[in-house]
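Listed below are the residues making up each chain.
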Amino acid sequence: MGWILYRYLVMEQLTPAALCFFGLLMILVTGRLMQFLQYLTAASVSPAVVVTVMGLALPKLALYALPMAALIGTVLAFVRLNADNELTAMRSAGIGFRQMAPAVLTLALAFTALSFYTSTRLMPTANRQLKTTLKSLGRAVIPALLREGRFIDTVPHMVFFFDHVDAQEQTVRGVLIHDARDPRTRVTITARRAAIRERADGKEVLIQVHDGMLSRMGSDLTTSQTITFQTYDLVLSIDALFGADSEAVWKKGEMTMDELHRALVQTRDRRYALEWHKRLALPFACLVLGLAAAPFGVLFPQGRRMGGIILGIALFLAYYILLSAGNALGEQRLLPPAAGIWLPNALTGSLALFLWVKAHRR
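Note that the structure is a prediction, hence the values are computed from the model and not measured.

Caption draft 1: Representation of unusual backbone geometry within the structure. Backbone geometry places Gln170, a non-glycine residue, at a positive phi of 55°. Checked against the element boundaries, Gln170 lands in the loop between strand E1 (158-166) and strand E2 (171-179). Judged by its relative accessible area of 26%, Gln170 falls in the partly exposed class. Phi angles above zero are rare outside glycine, and Arg268 is one such case at about 60°. Tracing the chain through its elements places Arg268 in the loop between helix H8 (257-267) and helix H9 (270-296). What makes Arg268 exposed here is its relative accessible area of 64%.

This is how it looks when you write it as structure tokens:
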């Protein structure tokens, strides 16, 4: 295959892959932004801070968008080439499907390299900085709660209502709080007054409730408990309020590959092994999914070209279902960490090899 044809095939894949990547990234960023927007808006945070938070969240989101972009870009390119009879013309000129492998590999390897750098270098640094930034925004939660005469549901699984609010002193009167964070128990608190404070470490918001009553009801609606109190401290985690991951997940996400390896050697905790293998396996998803995508655009007749696109998307979903299942089996010690994380890549790579052989013989 000559240089002109090689460059043509690469560009045919690159354009839809880039559009797909940026489109997916925009969707994922928008979803992530919605988790923070209600708090950031309530605290009148500047647009620069919002942009900073979203920028720091990008590496983790890109790690999942890159494999999808590699797959969809290649599928769309070969579907179009097949629909316009360009592949038929290439075969007539003596260019077999196997000879197109360098062009497909170029895009797949480029996305793999970008994903590998994101996974091992950018993501740990960005996650560490994102955690610091979110903790510094703990003060945004307090203005979000200090609203008078309204039911406030900005905190996940909780509802607040205050008759009177003193925003300057950060105190409230006529307090009603419904807490459903524990699915096994529903807690309702009513009180005369309360004060809302941020802890000195910036990790928690403390609602100190005075002169009230607490009612607990089990999820089965058969057990209940009512308590009167003079002072009750309700603690809200900043990480939970902002929809952030747990401390353990944050800790793994902030670690470099060397730090993960040292933690694994010291603790023998399988979670570190799973994270280490996932950092390597996800970039290689770009390679195996990209290679499997090209035959999907070729093996379907022109009248059924949507079949290739649909099967490509189905393959992407199947890959991540297998990855999630392998991760869960690894955590439950039913599979070794390496086997659980790398199994989807092995299966997808085998499928890609089978499809390439079939497409070349077609």
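Once the structure has been displayed, the description carries forward.
Caption draft 2: The arrangement of the packing of aromatic side chains in detail. Within this structure, the stated rule accounts for 11 aromatic pairs. On the basis of an interplanar angle of 35° and a centroid distance of 5.5 Å, the ring pair of Trp3 and Tyr6 is categorised as tilted. You can see Trp3 and its partner Tyr6 sitting in helix H1 (residues 3-42), three residues apart, about one turn around the helix. Exposure remark for Trp3: the relative accessible area of 55% places this residue in the exposed category. Seen in terms of ring centroids, Tyr64 and Tyr320 are 5.9 Å apart; in terms of plane orientation they differ by 40°. Their pairing is tilted. Of this pair, Tyr64 sits in helix H2 (residues 47-83) while Tyr320 sits in helix H10 (residues 305-331), placing them 256 residues apart in sequence. Judged by relative accessible area, Tyr64 falls into the partly exposed class, the value being 35%. With relative accessibility at 14%, the residue Tyr320 sits in the buried group. An aromatic cluster of at least three residues, connected via ring pairs, comprises Tyr64, Phe316, Tyr319 and Tyr320.

Caption draft 3: Inspection of the pairing of strand E5 (residues 224-237) at higher detail. Pairing between strand E4 (residues 204-218) and E5: 13 bridges, direction antiparallel. Paired with Gly212 across the two strands is Phe229, which belongs to E5. Hairpin connection from E4 to E5: five residues lie between these consecutive antiparallel strands, with Leu221 at a positive phi of about 65°.

Caption draft 4: Quick look at the pattern of salt bridges. In total, this model carries nine salt bridges according to the counting rule given. Measuring nitrogen to oxygen at the nearest pair gives 2.8 Å for the salt bridge that ties Arg181 to Asp179. A relative accessible area of 11% places Asp179 in the buried class. Put simply, Arg271 and Asp269 hold a salt bridge, and the shortest N to O gap is 2.8 Å. Overlapping salt bridges bring together Glu12, Arg80, Asp84 and Glu86 as one network.

Caption draft 5: Spatial organisation of the environment of Gly253. Secondary-structure assignment places Gly253 in helix H7 (residues 247-254). Accessibility expressed as a relative area gives 9% for Gly253, which makes it buried. For Gly253 and Arg128, which are 125 residues apart along the polypeptide, the C-alpha to C-alpha distance reads 7.9 Å.

Caption draft 6: Quick peek at H9. Given a rise of 1.5 Å per residue, 27 residues ought to cover 39 Å, and the 36 Å separating the end C-alpha atoms of H9 matches this to within 8%. Roughly 30° is the biggest bend found in H9, and it falls at Phe284.

Caption draft 7: The pairing of E2, seen in detail. In this structure, E1 lies alongside E2, joined through eight bridges in antiparallel fashion. From the neighbouring strand, Asp166 faces E2, where its bridge partner is Thr171. Counting the residues between successive antiparallel strands, the hairpin from E1 to E2 contains four residues, one of them, Gln170, with a positive phi of roughly 55°. The pairing of E2 with strand E3 (residues 185-198) spans eight bridges and is classified as antiparallel. Paired with His178 across the two strands is Thr188, which belongs to E3. Linkage of E2 to E3, two consecutive antiparallel strands, is achieved through a turn of five residues.

Caption draft 8: Broad picture of the packing of H8 against H9. One way to put it is that H8 packs onto H9 with a least axis distance of 9 Å and a crossing angle of 155°. The angle between the axes of H8 and H9 places the two elements in the roughly antiparallel class. The way H8 lies across H9 gives a crossing that is left-handed. In this structure, H8 contributes Met257, Leu260, His261, Ala263, Leu264 and Thr267 to the contact, and H9 contributes Tyr272, Ala273, Glu275, Trp276, Arg279 and Leu280. Residue composition of the contact of H8 with H9, grouped by class: eight nonpolar, two polar and two charged.

Caption draft 9: Seen up close, the nonpolar core. In terms of nonpolar packing, the biggest core is built from 66 residues, with Leu71, Phe78, Phe97 and Phe111 touching the most fellow members. Within the residue set of this core, elements represented by two or more residues are H1, H2, helix H3 (86-92), helix H4 (101-136), H9, H10 and helix H11 (337-361). Filtering out sequence-adjacent residues up to four positions away, Leu71 remains in contact with Leu289, Ala293, Gly312, Ile313, Leu315 and Phe316. Formed by 23 residues, the second largest nonpolar core is a distinct cluster that contains Leu145, Val155, Phe160 and Val187.

Caption draft 10: Representation of the sheet that holds E3 in the model. The five strands are arranged E1-E2-E3-E4-E5 in an open sheet whose pairing can be described as antiparallel. Pairing within the sheet leaves two strands with one partner each, and these edge strands are E1 and E5. Taken pair by pair, the neighbouring strands of this sheet meet at an average axis angle of 20°, ignoring direction. Summarising the sheet, E3 and E4 pair through 13 bridges and their orientation is antiparallel. Of the residues in E4, the one forming a bridge with Val187 is Arg216.

Here is what the cut-offs are and how they apply
- Residues numbered from 1 in each chain as written.
- Predicted model: local features only at pLDDT ≥ 70, side-chain atom pairs only at ≥ 80, totals over all residues.
- Heavy atoms only, no water.
- Helix = DSSP H or I, 4+ residues; strand = E, 2+ residues; numbered from the N terminus.
- Buried < 20%, exposed > 50% of the residue type's maximum accessible area, 1.4 Å probe, protein only.
- Phe/Tyr/Trp six-rings, centres within 6.5 Å; stacked < 30°, edge-to-face > 60°.
- Pairing = 2+ DSSP bridges.
- Salt bridge = Lys/Arg side-chain N within 4 Å of Asp/Glu carboxyl O.
- Expected span 1.5 Å × (residues − 1).
- Bend = angle between axes of the 7 residues up to and from the residue.
- Axes fitted to C-alpha atoms, helices over the stretch in contact; angles between N-to-C directions.
- Parallel < 35°, antiparallel > 145°, perpendicular 65-115°, else oblique.
- Left-handed = near helix turned anticlockwise from the far one by under 90°.
- Contact = heavy atoms within 4.5 Å.
- Nonpolar A, V, L, I, M, F, W, Y, C, P; charged D, E, K, R; others polar.
- Core = buried A, V, L, I, M, F, W, Y, C linked by side-chain atoms within 4.5 Å.

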